[in-house]
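Read off the chains here:
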Amino acid sequence: MAPTDTGRRMPDIIGIRGLVADSGAPSKPKSGPAVRFSSGPAIRAIDTARCNTAKLPFYTVPSRLPIVTIVRCWQTLAMAKLRFMAGFAAHMALGLGAASLAQAQPALYVNPNSTTLAAAERLDGEARRDALALGRIPTATWFSDGTPDEVERQVASLVDAAAAQNALPVLVAYNIPGRDCALYSAGGAAGSNAYRAWIEGFAAGIGERAAIVVLEPDSLGAIPWHRTLDGELEHCQPGNSANNDAAATRFAQLSTAVEILATLPNVRIYLDGTGSGWLAPGEAANRLIRANVARADGYFLNVSNFESDLRLLHYARWISDCLALVTGGETDPRTCPSQYHPADFADSSSWTATDAAYDALFARAGIARAPASQKHAIIDTSRNGTGSWDPPANTYSDAEIWCNPPGRGLGRRPALDTGNPYVDAYLWIKIPGESDGECYRGTGGPTDPARGIAAPRAGGWFPVQARELIRNAVPPLIRD
């Protein structure tokens, strides 16, 4: 990861209001098999009765109830609130006209079998309360292994449960061969054929149901044996000798996965756009084009990272504009302005210079911006409330600023209505509270020298970090 960034969030509103106050090479967790969630009328009636008996507001369902019941309380009461709001909107449309109303958005799905709530079952005291608070917020579900049949069953179980709630699930496919370049979250399918079969199973599990698919985090930021547009060999060099076909194979694997998923009628597909502290927009756009972004809806940013919204919103627009210029205006991607030029990366106030440079580039190309038809971003705001970590100078040989950095906070809550024409959603893609890895920061371990303790392996629950994220949340999180 490249330099750090700073910045704070403007308030935003979660898709299901009342849960919380109004208002980022990353590692990924493994997700266990999803268990089918029954949402039939009898179950809902029982859970609603128990919630009503508690006589407490929706966002303070008591933690003495079983976790599955707690989640069903949130979901049942949230759907009742959404039905009320839909009726209210219809009533208002009679007098104001439908054009005056915001486009209706589905609720994002809260998984009652999430790894966060599974962690809560093993915890007690404040750590349990923290996990329960995080578990009530819509977060992505990761699929990182299994046979094609197994992943099909797991995905189908999740999307069935979401459809029964009239909610939209966010699914992460994370099983590409050579995953994470042999770092903390190494793994993936055995080869291209195995990966294609796995993606086919993943897609079959979704079927005609609605879903957002985050396709292979890190896959375009850490490409094996890849050379940049300037011909520089990048750091991801697995194995004992160069593999001249490895990069082309990675692009082919992703392109095939996009083609398979694009046949699904109600799925939105997003590819790896890295983040504002990583690739220049021209480099990101070139990789996205080679990975078949033409058949996808766009790209995701900041997954499992900590970059501020201030920077990411600029970066989201620049990638979209660069893609439009390269594909529609025959622009060389190397000429796309970036966070490094004419802007000064370290000074976010200078990033408007890059905005102006894109204006000039569109004028020279003789084409007009069309944000509605350009590719869009989704942004992971799960842990970027205080921006990226700025480690003390001359302390670590490799600070690994993306790996469990201290003092971070939750970012804005998940939302599908962003008010930004270049951003489709703010989502919690990385699961906040789960470790990025052991984080040795260039030492031999076994402790993280920035914290003085040993961190869990990638995907393990990290109560210390969960507490930090809640304590430093921007906007604040109402836990109880």
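All values derive from a computational prediction rather than experimental measurement.

## Focus on the confidence of the model for the protein chain
Per-chain confidence: the protein chain averages 83 in pLDDT, with 78% of residues scoring 70 or above. In the model, residues 1-65 has pLDDT below 50 throughout and makes 186 contacts with residues more than four positions away in sequence or in other chains. Confidence drops under a pLDDT of 50 for residues 76-102, and excluding neighbours within four residues, the segment shows 17 contacts in the predicted structure.

## Quick look at the pairing of strand 8 (residues 376-380)
Most of strand 8 is tucked away, with five of its five residues classed as buried. What you see with strand 8 is no split at all: His-376, Ile-378 and Asp-380 on one side and Ala-377 and Ile-379 on the other are buried throughout. Of the strand pairs in this sheet, strand 7 (residues 298-301) and strand 8 are connected by four bridges, and their pairing is parallel. Bridge pairing links Leu-301 to Ile-379 in strand 8. Summarising the sheet, strand 8 and strand 9 (residues 423-427) pair through four bridges and their orientation is parallel. Paired with Ile-378 across the two strands is Ala-425, which belongs to strand 9.

## Here we look at the environment of Asn-292
Relative to the helices and strands, Asn-292 is located in the loop between helix 8 (281-290) and strand 7. Residue Asn-292 is classed as buried on the basis of its relative accessible area of 11%. Placed 38 residues apart in sequence, Asn-292 and Leu-254 show a C-alpha to C-alpha distance of 7.4 Å. Non-local contacts of Asn-292, meaning those with residues more than four positions away in its chain, are made with Ser-255, Val-258, Glu-259 and Leu-271. At 3.4 Å, the side chain of Asn-292 and the backbone oxygen of Ser-255 are in polar contact.

## Notes on the environment of Ala-316
By the element assignment, Ala-316 lies in helix 9 (residues 309-329). Judged by its relative accessible area of 0%, Ala-316 is buried. For the pair Ala-316 and Gly-275, spaced 41 residues apart in sequence, the C-alpha separation works out to 8.7 Å.

## Details of the packing of helix 8 against helix 9
Relative to each other, helix 8 and helix 9 sit at 60 degrees, their axes nearing to 9 Å. The angle between helix 8 and helix 9 places the two elements in the oblique class. Note on packing geometry: the crossing formed by helix 8 with helix 9 is right-handed. Facing helix 8, whose interface residues are Pro-281, Gly-282, Ala-284, Ala-285, Leu-288 and Ile-289, helix 9 presents Tyr-315, Trp-318, Ile-319, Cys-322, Leu-323, Val-326 and Thr-327.

## Observations regarding the side chain of Asp-130
Position of Asp-130 relative to the elements: it lies in helix 4 (residues 125-135). Note on Asp-130: relative accessible area 1%, which makes it buried. Once residues lying within four places of it in the same chain are set aside, the contact partners of Asp-130 are Arg-467, Ile-470 and Arg-479.

## Quick look at the packing of aromatic side chains
Counted by the stated rule, this structure contains nine aromatic pairs. Here the aromatic rings of Tyr-195 and Trp-198 are separated by 6.4 Å at their centres, their planes lie at 15 degrees, and the arrangement is stacked. Of this pair, Tyr-195 and Trp-198 both sit in helix 6 (residues 192-206), three residues apart, roughly one helical turn. Its relative accessible area of 1% is what places Tyr-195 among the buried residues. Exposure remark for Trp-198: the relative accessible area of 2% places this residue in the buried category. Note on Phe-345 and Trp-351: the rings are 5.9 Å apart at their centroids and 50 degrees apart in plane angle, and the pair reads as tilted.

## Some remarks on the state of the cysteines
As used in these notes, a disulfide is a covalent bond between sulfur atoms, one from each of two cysteines. Counting across every chain of the model gives three disulfides. Between the sulfur of Cys-181 and that of Cys-236 lies a disulfide, 2.1 Å long from S to S. Here Cys-181 and Cys-236 share a disulfide; its torsion about the S-S bond, 115 degrees, makes the bridge right-handed. Linking Cys-181 in the loop between strand 4 (170-173) and helix 6 with Cys-236 in the loop between strand 5 (211-215) and helix 7 (246-262), this pair joins segments that are 55 residues apart in sequence. Here Cys-181 and Cys-236 have matching classes, each one buried.

## Structural notes on the nonpolar core
Leu-171, Phe-202, Ile-206, Leu-215, Leu-271 and Leu-301 are the most contacted members of the largest nonpolar core, which has 66 residues in total. Among the elements that line this core, the one with the most residues is helix 9, at 10 residues. Discounting residues that sit within four places of it in the chain, Leu-171 has contacts with Thr-141, Phe-143, Val-155, Leu-158, Val-159, Phe-202, Ile-206, Ala-211, Ile-212, Val-213 and Val-214. Listed in part, the 18 residues of the second largest apolar core include Trp-142, Leu-168, Ile-212 and Ile-378.

## Some words on the pattern of salt bridges
The full count for this structure, using the stated rule, is 19 salt bridges. The residue Glu-259 makes a salt bridge to Arg-295 at a minimum N-O spacing of 3.2 Å. In this pair, Glu-259 sits in helix 7 while Arg-295 sits in the loop between helix 8 and strand 7, placing the two residues 36 residues apart along the sequence. For Glu-259, a relative accessible area of 34% puts it in the partly exposed group. The exposure class of Arg-295 is partly exposed, given its relative accessible area of 40%. Here Asp-309 makes a salt bridge to Arg-412, at a shortest N to O gap of 2.8 Å. Taken together, the residues span a long stretch of sequence, with Asp-309 in helix 9 and Arg-412 in the loop between strand 8 and strand 9 at a distance of 103 residues. Per residue, the accessibility class of Asp-309 equals that of Arg-412, and both read buried. Residues joined in a network through salt bridges with shared partners are Glu-126, Asp-130 and Arg-467.

Basis of the calculations
Residues numbered from 1 in each chain as written. Predicted model: local features only at pLDDT ≥ 70, side-chain atom pairs only at ≥ 80, totals over all residues. Heavy atoms only, no water. pLDDT = per-residue confidence, 0-100. Contact = heavy atoms within 4.5 Å. Buried < 20%, exposed > 50% of the residue type's maximum accessible area, 1.4 Å probe, protein only. Helix = DSSP H or I, 4+ residues; strand = E, 2+ residues; numbered from the N terminus. Pairing = 2+ DSSP bridges. Polar contact = N/O pair within 3.5 Å; in protein donor to acceptor, adjacent residues only side chain to side chain. Axes fitted to C-alpha atoms, helices over the stretch in contact; angles between N-to-C directions. Parallel < 35°, antiparallel > 145°, perpendicular 65-115°, else oblique. Left-handed = near helix turned anticlockwise from the far one by under 90°. Phe/Tyr/Trp six-rings, centres within 6.5 Å; stacked < 30°, edge-to-face > 60°. Disulfide = S-S within 2.5 Å. Core = buried A, V, L, I, M, F, W, Y, C linked by side-chain atoms within 4.5 Å. Salt bridge = Lys/Arg side-chain N within 4 Å of Asp/Glu carboxyl O.

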